[in-house]
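A structural walkthrough
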Amino acid sequence: MEVTKEHIKKLLNKPGPVTDLLAMAEKKTGLDRMILLGLSITFLTFWLCLGYGAQLICGVIGFLYPAFESVKALHNADTNIEKRWLTYWVVFAFFHVLEFFSDHLVWWVPLYWLAKTIFLVWCMAPINQNGSAVVYKLVIRPLYVKYHGDIDTVMDKAVNKAGGLFEKATEKAKEVANNQKSELRQLTD
C-alpha cells in the first residue's frame, strides 16, 4: 500500500495541469494534495452515483484530459506517446459506438456512469497495461485482423458510389444553375 501511496504522491507532484490545479487548491485551503485528491474522488463518485448530470461529468472526464495530452503528444513528436493516445481514442470511439447501440439498456444498469468513468480512467492511466492497451490487444486488434479486408472492400464501394453520386449532384446543380440563368435572361430581355 505504501508503494502505491508514494507513487500517487510522485504523480501529484509531476508538472502538468492537474498538479497546477492541486497546488492552487492546496495553497487556498491549506489541505494536503492527497487529501484534496481523496475529497475530489469522493465527491465525483457520489455525483456519478446520485447526481444530476452524471453523463456530462463522465464525458468531461473521458474527454478533456485525453484531448489535452493528445495535443501535447502531437507537439512533442514522441511516437510512443502518440501511439498511446491514438490507442485511447480508438478504444474511446469503439466504446462510444457500442454505447450508442445499447443506449436504452444503459439506463437500466445501476451505477453505469460511475463504472464507465472508472473504465475511462483506467484507459487513460499512465501505465503500460492500461485499459486502452488491453482492450485494443484483446478486442479491437483481433476484430481488425479478421475483418479489415471486408471493411476495406465495403469502404471502397462506398467511396466509389459516393463519388458517383457527387458527380451526378454536381451535374444536376450545373443544369439547375444554367436553367436559372436562362430564365433570368429571358426576364431581363
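Everything discussed here concerns the structure shown above.
An account of the accompanying structure is given in this report. Small disclaimer: the values here were computed from a predicted structure and weren't measured.

This brings us to the overall build of the chain. The secondary structure content of the chain amounts to eight helices and zero strands. Helices and strands appear in the chain in the N-to-C order α-α-α-α-α-α-α-α. Computed over C-alpha atoms, the radius of gyration of the chain comes to 25 Å, more than 25% over the 16 Å expected from 2.2 N^0.38 for 189 residues, which places it beyond the range of a compact globule. Taking the principal axes of its C-alpha atoms as reference, the chain extends roughly 85 × 50 × 45 Å. The burial tally for the chain puts 19% of its 189 residues in the buried class. For the chain, the exposed surface amounts to about 14600 Å²; the carbon and sulfur share of it is 68%.

The next subject is the packing of aromatic side chains. Applying the stated criterion across every chain yields a total of 11 aromatic pairs. Measuring from ring centre to ring centre gives 5.5 Å for Phe43 and Trp47, while their planes differ by 65 degrees; the resulting arrangement is edge-to-face. With Phe43 and Trp47 both in helix H3 (residues 33-50), this residue pair falls four residues apart, about one helical turn. You can call Phe43 exposed: its relative accessible area is 52%. Overall, Trp47 belongs to the partly exposed group, its relative accessible area being 31%.

Okay, the environment of Leu44 next. Relative to the elements of secondary structure, Leu44 occurs in helix H3. Residue classification places Leu44 among the partly exposed positions, given a relative accessible area of 29%.

Of all hydrophobic cores here, the largest spans 18 residues; its most connected members are Leu48, Tyr88, Val91, Trp113, Phe119 and Leu120. Secondary structure elements with two or more residues in this core: helix H4 (54-76), helix H5 (79-101), helix H7 (112-124) and helix H8 (131-188). Of all the elements, H7 adds the most residues to this core, at seven residues. Every residue in contact with Val91, bar those within four places of it in the chain, is listed here: Phe119, Cys123, Ser132, Val135, Tyr136 and Ile140.

Moving on: H3. Given a rise of 1.5 Å per residue, 18 residues ought to cover 26 Å, and the 25 Å separating the end C-alpha atoms of H3 matches this to within 8%. At the N-terminal end of H3, a side-chain oxygen is found 3.1 Å from the backbone nitrogen of Met34, two or three residues along, and the residue is Asp32.

On to the side chain of Lys116. By the element assignment, Lys116 lies in helix H7. Note on Lys116: relative accessible area 11%, which makes it buried. Here Glu99 takes part through its side chain, which lies 2.9 Å from a polar atom of the side chain of Lys116. Each residue touching Lys116, except ones within four places of it in the same chain, is listed here: Cys58, Phe95 and Glu99.

This paragraph deals with H8. Here H8 contains 58 residues, and its C-alpha end-to-end distance of 69 Å is more than 12% below the 86 Å for a straight helix at 1.5 Å per residue. In H8, a bend of some 60 degrees at Tyr147 exceeds every other bend along the element. When we look at burial in H8, the residues that qualify are Gly131, Ser132, Val135 and Ile140. In this structure, the buried side of H8 is in contact with H5 and H7.

Scoring rules and cut-offs
Residues numbered from 1 in each chain as written. Predicted model: local features only at pLDDT ≥ 70, side-chain atom pairs only at ≥ 80, totals over all residues. Heavy atoms only, no water. Helix = DSSP H or I, 4+ residues; strand = E, 2+ residues; numbered from the N terminus. Rg over C-alpha atoms; globule rule 2.2 N^0.38 Å. Buried < 20%, exposed > 50% of the residue type's maximum accessible area, 1.4 Å probe, protein only. Areas by Shrake-Rupley, 256 points an atom, 1.4 Å probe, with all protein chains shown as cover. Phe/Tyr/Trp six-rings, centres within 6.5 Å; stacked < 30°, edge-to-face > 60°. Core = buried A, V, L, I, M, F, W, Y, C linked by side-chain atoms within 4.5 Å. Contact = heavy atoms within 4.5 Å. Expected span 1.5 Å × (residues − 1). Polar contact = N/O pair within 3.5 Å; in protein donor to acceptor, adjacent residues only side chain to side chain. Bend = angle between axes of the 7 residues up to and from the residue.

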